[in-house]
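Descriptive structure summary
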Amino acid sequence: MPLSRGPDNATACLALADGTLFYGRGFGAAGQTTAELCFNTAMTGYQEIMTDPSYAGQIVTFTFPHIGNVGVNPEDDETQDPVAEGMVVKWDPTEPSNWRATERLGDWLAKRGRIAIGGIDTRRLTRAIRQQGAPHVALAHSPDGEFDLEALVAAARDFRGLVGLDLAKDVTCAQSYRWDQMRWAWPDGFPTRSTPGHKVIAIDYGAKRNILRCLASAGCDVTVLPATATAEEVMAHEPAGLFLSNGPGDPAATGEYAVPMIRDVLEKSDMPVFGICLGHQMLARALGASTVKMNHGHHGANHPVKDLETGKVEITSMNHGFTVDSQTLPADVIESHVSLFDGSNCGIRHRDRPVFSVQYHPEASPGPQDSYYLFERFVAAIEGR
Ligand SMILES: NC(=O)CC[C@H](N)C(=O)O
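Residues numbered from 1 in each chain as written. Predicted model: local features only at pLDDT ≥ 70, side-chain atom pairs only at ≥ 80, totals over all residues.

Attention now moves to the overall build of the chain. A tally of helices and strands in the chain yields 10 helices and 19 strands. Compactness check: the chain gives a C-alpha radius of gyration of 21 Å against a globular reference of 21 Å for 385 residues, within 12% of the reference. By its C-alpha atoms, the chain is 65 × 45 × 40 Å across when sized along the principal axes. Taking all 385 residues of the chain together, the buried fraction comes to 53%. Sequence separation of 24 or more characterises 77% of the internal contacts of the chain that already satisfy a separation of 6 or more. (Helix = DSSP H or I, 4+ residues; strand = E, 2+ residues; numbered from the N terminus. Rg over C-alpha atoms; globule rule 2.2 N^0.38 Å. Buried ≥ 20, exposed ≤ 12 C-beta atoms within 10 Å, placed from the backbone. Contact = placed C-beta atoms within 7 Å.)

Structure below.
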């Protein structure tokens, strides 16, 4: 295929499956990748976003323009390495200016094989994502400035998308482990309860570290099991509660093995169950509801959610591309929270059992901490039994 050059000494190109091209300046690793493209409106936390395992298979457009200005540091990772496929930003990252920074964003991405493009009109791109629904894209970073555009657009077109994909199995832990709160303590000393921990099993579909931190700080002694754990494996630990984590991919696909496990636990035990995001979708499916793909999803740190039981509004952190169809909730399941942006389901609760979950992220990271009470509610349910 003939190679071509972009305008203004471009070293990176983002191709949408419909053939639209965005040229810019590459940073991070050189190479090419394909993914679904979303946009995130958070004004802080690009490192937490890039390392959130729920972003597997996706490239993130940051609508906030100052990205990279606080560098990166080992404490803010939500998992070992970036999981998002790549990043799209408006401006080239500046030199980091923050006392916690240990590395530049571009170097950190390059070492970890992640591609980024700067100098993009992210407003125009965000409008395209809203109009088309999360598009399939290919992103190339070519330091010599040459691109095989036909191959790039073809790669975007050939990308099959996230529907039907179980990605939890790619990002879950290989083996069970006990969460070590001392090793992963909050740098700023978020309140930690000193009472003895309640034994909780957390199923890792791609868990963010800050969820495990929040569970421990609320009073849980957390053992993490891989996504494919069976009900027997869960029950063998004799837990006081079951937690279902966030995670990437299509909840219907992961549900093929996760739903039978959850149903089995609900049948065998009356212990409290709490789920976040993919864990919410898994619980909803286990209780009989269905999940659907959204147009462009919710990704940000300022999403208003209404608690339908108290009337209170929480400002929440969000990251999901699928949603629970509230029309399909069975009679014994109550819709507890809704999005004030689009009315989509944001939480459920079983009518007569301590079993509940939310679509958003009470652990924030990044985002406001309005919803931390949910971890305390889970522990109160364990203590109330
Ligand atoms: N953050 C998550 O757990 C995301 C859940 C699911 N993969 C979705 O996109 O809706």
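Next comes the rest of the write-up.
Time to look at the pairing of strand S2 (residues 12–16). With respect to burial, S2 is a largely interior element, five of its five residues being buried. The alternating pattern of S2 places Ala12, Leu14 and Leu16 and Cys13 and Ala15 on opposite faces, both of which are buried. The pairing of S2 with strand S3 (residues 21–28) spans four bridges and is classified as antiparallel. Across the sheet, alanine 15 pairs through a bridge with leucine 21, a residue of S3. The hairpin turn running from S2 into S3, its antiparallel successor, is four residues long, and glycine 19 in that turn takes a positive phi close to 95 degrees. With five bridges joining them, S2 and strand S8 (residues 136–141) adopt antiparallel strand pairing. From the neighbouring strand, alanine 15 faces S8, where its bridge partner is alanine 138. (Pairing = 2+ DSSP bridges.)

Our focus in this paragraph is the site of the ligand. Residues in contact with the ligand, as listed here, are Ser54, Asn246, Gly247, Pro248, Gly249, Pro251, Cys277, Leu278, Asn319, His320, Gly321 and Phe322. If one sorts the elements of the shell around the ligand by residue count, strand S16 (residues 313–324) sits on top with four residues. Its residues assigned to classes, the shell around the ligand comprises five nonpolar, seven polar and no charged. (Near = placed C-beta within 6 Å. Nonpolar A, V, L, I, M, F, W, Y, C, P; charged D, E, K, R; others polar.)

A word on the sheet that holds strand S10 (residues 177–178). A sheet is described by the order of its strands in space; here 10 strands give the open sequence S10-S12-S11-S13-S14-S19-S18-S17-S15-S16, paired in mixed fashion. A single partner strand is all that each edge strand has here, and the edge strands are S10 and S16. Of the strands in this sheet, strand S13 (241–244), strand S14 (273–276), strand S15 (291–307), S16, strand S18 (345–350) and strand S19 (355–358) touch helix H9 (residues 278–286), which is tilted by about 125 degrees from S14. (Axes fitted to C-alpha atoms, helices over the stretch in contact; angles between N-to-C directions.)

Summarising the element assignment, isoleucine 115 is placed in strand S7 (residues 115–118). We classify isoleucine 115 as buried; it has 25 C-beta atoms within 10 Å. Ignoring any residue separated from it by four or fewer positions in sequence, one finds isoleucine 115 in contact with Gly26, Gly28, Ala29, Gly31, Thr33, Gly86, Leu139 and His141.

Before going further, it helps to examine unusual backbone geometry. Of note, the amide linkage connecting serine 365 to proline 366 takes the cis form, showing an omega dihedral of 5 degrees. Although it is not a glycine, aspartate 8 adopts a positive phi angle of roughly 50 degrees. Tracing the chain through its elements places aspartate 8 in the loop between strand S1 (4–5) and S2. On the basis of neighbour count, aspartate 8 is assigned to the exposed category, with 11 C-beta atoms found within 10 Å. Residues other than glycine seldom take positive phi values, yet alanine 364 does so here, at roughly 55 degrees.

Once that is clear, we can look at the UniProt feature "domain: Carbamoyl-phosphate synthase small subunit N-terminal" (unreviewed entry) in the chain. Within the UniProt annotation, "domain: Carbamoyl-phosphate synthase small subunit N-terminal" (unreviewed entry) is assigned to residues 10–140. Along residues 10–140 the backbone is 18% helical and 31% strand, and the end-to-end C-alpha distance reaches 11 Å. (UniProt positions renumbered as here; feature names shortened; annotations may be inferred.)

Per-residue confidence for the chain gives a mean pLDDT of 96, with 97% of residues at or over 70. Interface confidence for the predicted complex, expressed as ipTM, amounts to 0.97; the pTM equals 0.97. (pLDDT = per-residue confidence, 0-100.)

Among the 10 residues of strand S4 (residues 31–40), eight are classified as buried, and the element is accordingly described as predominantly covered. In this structure, S4 lies alongside S8, joined through six bridges in antiparallel fashion. Following the sheet pairing, alanine 35 is matched in S8 by valine 137.

With that settled, consider the sheet that holds S4. Strand pairing in a sheet is mediated by backbone hydrogen bonds. Such pairs are either parallel or antiparallel. Spatial ordering of the closed barrel is given by S2-S3-S7-S6-S5-S4-S8, a layout of seven strands whose pairing is mixed. Averaged over all pairs of adjacent strands, the angle between strand axes in this sheet comes to 35 degrees, irrespective of strand direction. Taken strand by strand, helix H3 (residues 122–132) contacts S2, S3, S4, strand S5 (58–62) and strand S6 (86–88), and its axis lies near 130 degrees from that of S5. Across the sheet, helix H4 (residues 149–158) is in contact with S2, S3, S4 and S8; its angle to S8 comes to roughly 145 degrees.

What UniProt calls "active site" (unreviewed entry) maps, in this numbering, to Cys277, His361 and Glu363. Spanning 87 residues, the named residues form one tight spatial group whose C-alpha atoms are at most 11.2 Å apart. Examined against the element boundaries, histidine 361 turns out to sit in the loop between S19 and helix H10 (373–383). Mapped onto the fold, glutamate 363 is located in the loop between S19 and H10. A residue is classified by how many C-beta atoms lie within 10 Å of it, and glutamate 363, with 26 of them, is buried. In contact with glutamate 363, other than residues within four places in its own chain, are Lys208, Asn210, Ile211 and Cys214.

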